[in-house]
Amino acid sequence: MQSIERPFLLISRAAAAAGVLCLLLVAGLSVADIVLREATGQPIRGAADIAGLLTILIIASCFPAGLLERRQIKVTFLGSILPAWANRALEVFGALMTGLMFLAIAWFMTRHALRVTANHQYTMVLNLPIAPWWWIATACFWACVPAQMFVILAEALGYTTTESEV
């Protein structure tokens, strides 16, 4: 299992790191915009356009790593009172429901990216095409599907990993 998990984690963590880099860019752009606005009375032209496009990537890029590292919120109050097999069944069920949710999100993201592409949407100020950004975000959500399939399999087999192993 670890030989399968390791490449998934490396790729998903690289995507998450790219998302964090985009977050830092948005933060830096916001600071620069505020400083310039205070100093000159003029904002950075198109800063909101760029921040909006990067925000799409910031959000989408972190989900695959979060799923593989099992960092989502889960309620485990039944697990402490049920037998081990029932607790595992609940974990598998929860992982399966999470997988179905991400499949639905990826499907709807694809439909949205198709609409944005068909409508030739552009940003308001810089006139940048919006569709490529939505397609990258859509790819991130589609990457969540095999990542969560791995988690479902790992939960079913009782495989757990520690941070030091990977």
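Up top is the structure.
Residues numbered from 1 in each chain as written. Predicted model: local features only at pLDDT ≥ 70, side-chain atom pairs only at ≥ 80, totals over all residues. Heavy atoms only, no water.

Peer 1: Explain the overall build of the protein here, please?
Peer 2: Counting its regular elements, the protein contains 5 helices and 0 strands. For the protein, the N- to C-terminal ordering of α and β elements is α-α-α-α-α. The principal-axis extent of the C-alpha atoms belonging to the protein is close to 65 × 35 × 30 Å. Counting every position in the protein, which comprises 166 residues, the buried fraction comes to 33%. Residue pairs in contact within the protein that sit at least 24 positions apart in sequence constitute 77% of those at least 6 positions apart. (Helix = DSSP H or I, 4+ residues; strand = E, 2+ residues; numbered from the N terminus. Buried < 20%, exposed > 50% of the residue type's maximum accessible area, 1.4 Å probe, protein only. Contact = heavy atoms within 4.5 Å.)

Peer 1: Please clarify how the packing of aromatic side chains should be interpreted in this entry.
Peer 2: Where two aromatic rings form a pair, the distance of their centres and the angle of their planes describe that pair. By the definition in use, this model includes 5 aromatic pairs. Seen in terms of ring centroids, Phe 63 and Phe 141 are 5.2 Å apart; in terms of plane orientation they differ by 40°. Their pairing is tilted. Of this pair, Phe 63 sits in helix α3 (residues 63–68) while Phe 141 is found in helix α5 (residues 131–157), placing the two residues 78 residues apart along the sequence. By relative accessible area, which is 33% here, Phe 63 ends up partly exposed. The structure contains a cluster of three or more aromatic residues connected by ring pairs, namely Phe 8, Phe 150 and Tyr 159. (Phe/Tyr/Trp six-rings, centres within 6.5 Å; stacked < 30°, edge-to-face > 60°.)

Peer 1: Please explain the packing of helix α4 (residues 84–118) against α5 as it appears in this structure.
Peer 2: Angle between the axes and distance between the axes: these two values describe a pair of packed helices. Taken N-terminus to C-terminus, the directions of α4 and α5 make an angle of 165°; their axes are 8 Å apart at the nearest point. One way to sum up the angle between α4 and α5 is to call them roughly antiparallel. Where α4 crosses over α5, the handedness of that crossing is left-handed. Its residues placed into classes, the contact of α4 with α5 shows 24 nonpolar, 7 polar and 3 charged. (Axes fitted to C-alpha atoms, helices over the stretch in contact; angles between N-to-C directions. Parallel < 35°, antiparallel > 145°, perpendicular 65-115°, else oblique. Left-handed = near helix turned anticlockwise from the far one by under 90°. Nonpolar A, V, L, I, M, F, W, Y, C, P; charged D, E, K, R; others polar.)

Peer 1: What is the right way to read α5 from this model?
Peer 2: One turn of an α-helix holds 3.6 residues; hence residues three or four places apart share an orientation. In this model α5 runs 40 Å from its N-terminal to its C-terminal C-alpha over 27 residues, within 8% of the 39 Å that 1.5 Å per residue would give. Count one or two residues on from α5 and you reach Gly 158, which has phi positive near 75°. (Expected span 1.5 Å × (residues − 1).)

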